[in-house]
Amino acid sequence: MRKHLKPPGFLLAIILSLALATFFVKLNITKNDTAKDDTTKNDTVTKVSLDHGINLNKPIIDISGWQLPSEMDYDTLSQQINGVIVRVQHGISMKKKNNAADQNGKDKAMDTHIQEFQKRNVPVAVYAFVNGTSNAEMRQEAKKFYERAEKYKPTYWWLDVEEVTMKQNFNQGIEAFRDELAKLGAKNIGIYTQDWFVTANQLDVTPFSSVWLAHYGGNTGYWDASPNTTIPYDLHQYTDKGRLNGFNGSLDFNRVANIEDYNKLFNHGQLVK
């Protein structure tokens, strides 16, 4: 995810965000590499999260076949996160072979990742990289996405929209994917993208029940900036340089702002007891 999302003015934004990052890191805000409660963060947010048994300072991670199961200590990782979003596919056919997906687009690690985290009672959502070049292909991708993941009963279904894959009527194509997924039975369908990408391509995100925005700020491994947008969103991907015990590599970190958003995305809309 997110490799293609580089907006205009990117370097200027990085410079400004690094200054913010230095300030926040010194305050030890959102210590993502531990499972301990972070009492330096906003007291209200921390109190609400603890009242419901969820520490919102823990990250939500998204992973794919690029994070090899053989290199993951699922027991250790599960203690440090609030949820995981697992890639199911990169389209339904790969033009070039790679180590993370089969020729038919299916993510090579999806089954293992989902099973291992669900075994440890970690809430699991799923995502698919949208790659269709026509309405018909978009619907085919939606069918494969549902077929591959439905048995796991994910808490949310996300469309990863990073590239304009249709020369005309791209919005129609995205809606065809969403509509087909809904017809098949998916109840909670969201879109992953970036605010500038929505504006530049005039994307209509209103049909989706949730929006997940990527905005990295200084990309320090910590939350140091939030999207400056009028687009309502529930989930924020804030770095691809997160570090946790149990995996010797970088991870994508995401956050929700409050317990209501967490319940919406990872608890089937039910309050955490």
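Please refer to the structure higher up on the page.
Residues numbered from 1 in each chain as written. Predicted model: local features only at pLDDT ≥ 70, side-chain atom pairs only at ≥ 80, totals over all residues. Heavy atoms only, no water.

Asks: So what exactly am I meant to see when it comes to the sheet that holds strand β7 (residues 235–242) here?
Replies: Sheet strands line up and pair through hydrogen bonds in the backbone, either parallel or antiparallel. The strand order around the closed barrel formed by eight strands is β1-β2-β3-β4-β5-β6-β7-β8, and the pairing between neighbours is mixed. If you compare each strand with its neighbour and ignore which way they point, the axes differ by 30 degrees on average. Across the sheet, helix α4 (residues 110–119) is in contact with β1 (60–63), β2 (83–90) and β3 (124–129); its angle to β2 comes to roughly 160 degrees. Seen against the sheet, helix α8 (residues 259–266) touches β1, β2, β3, β4 (157–160), β6 (210–214) and β7 and runs at an angle of roughly 40 degrees to β2. (Pairing = 2+ DSSP bridges. Helix = DSSP H or I, 4+ residues; strand = E, 2+ residues; numbered from the N terminus. Axes fitted to C-alpha atoms, helices over the stretch in contact; angles between N-to-C directions. Contact = heavy atoms within 4.5 Å.)

Asks: What should I look at first to understand the packing of aromatic side chains in this one?
Replies: Two measures describe an aromatic ring pair: the distance that separates the ring centres and the angle between the ring planes. Taken as a whole and assessed by the stated rule, the structure comprises 11 aromatic pairs. For the ring pair tyrosine 192 and tryptophan 212, a centre distance of 4.7 Å and an interplane angle of 75 degrees mean the geometry is edge-to-face. Of the two residues, tyrosine 192 sits in strand β5 (residues 189–193) while tryptophan 212 sits in strand β6, which places them 20 residues apart along the sequence. Classification of tyrosine 192 as buried rests on a relative accessible area of 0%. Ring geometry for tyrosine 262 against phenylalanine 266: centres 5.6 Å apart, planes inclined by 25 degrees, an arrangement best described as stacked. Of the two residues, tyrosine 262 and phenylalanine 266 are both situated in helix α8; the distance of four residues between them amounts to about one turn of the helix. The buried category is assigned to tyrosine 262, whose relative accessible area is 4%. Take phenylalanine 266: its relative accessible area is 3%, and that puts it in the buried class. Of note, arginine 255 hangs over the ring of tryptophan 223, and the distance from its end group to the ring centre comes to 3.5 Å. (Phe/Tyr/Trp six-rings, centres within 6.5 Å; stacked < 30°, edge-to-face > 60°. Buried < 20%, exposed > 50% of the residue type's maximum accessible area, 1.4 Å probe, protein only. Lys NZ or Arg CZ within 6 Å of the ring centre and 35° of its normal.)

Asks: Would you mind showing me how to read unusual backbone geometry here?
Replies: Note: most residues except glycine have negative phi, and most peptide bonds are trans. Backbone geometry places asparagine 169, a non-glycine residue, at a positive phi of 55 degrees. Within the fold, asparagine 169 resides in the loop between β4 and α6 (170–184). For glutamine 202, which is not a glycine, the phi torsion comes out positive at approximately 50 degrees. Looking at the element boundaries, glutamine 202 is found in the loop between α7 (195–200) and β6.

Asks: What exactly am I supposed to notice about the pairing of β1 here?
Replies: Remember that side chains alternate between the two faces of the sheet whenever the strand is regular. Residue alternation in β1 divides its side chains into two sets, Ile60 and Asp62 and Ile61 and Ile63, and both sets are buried. Across three bridges, the pairing between β1 and strand β8 (residues 251–255) is antiparallel. Each bridged residue has a counterpart across the sheet, and for isoleucine 61 the counterpart in β8 is phenylalanine 253.

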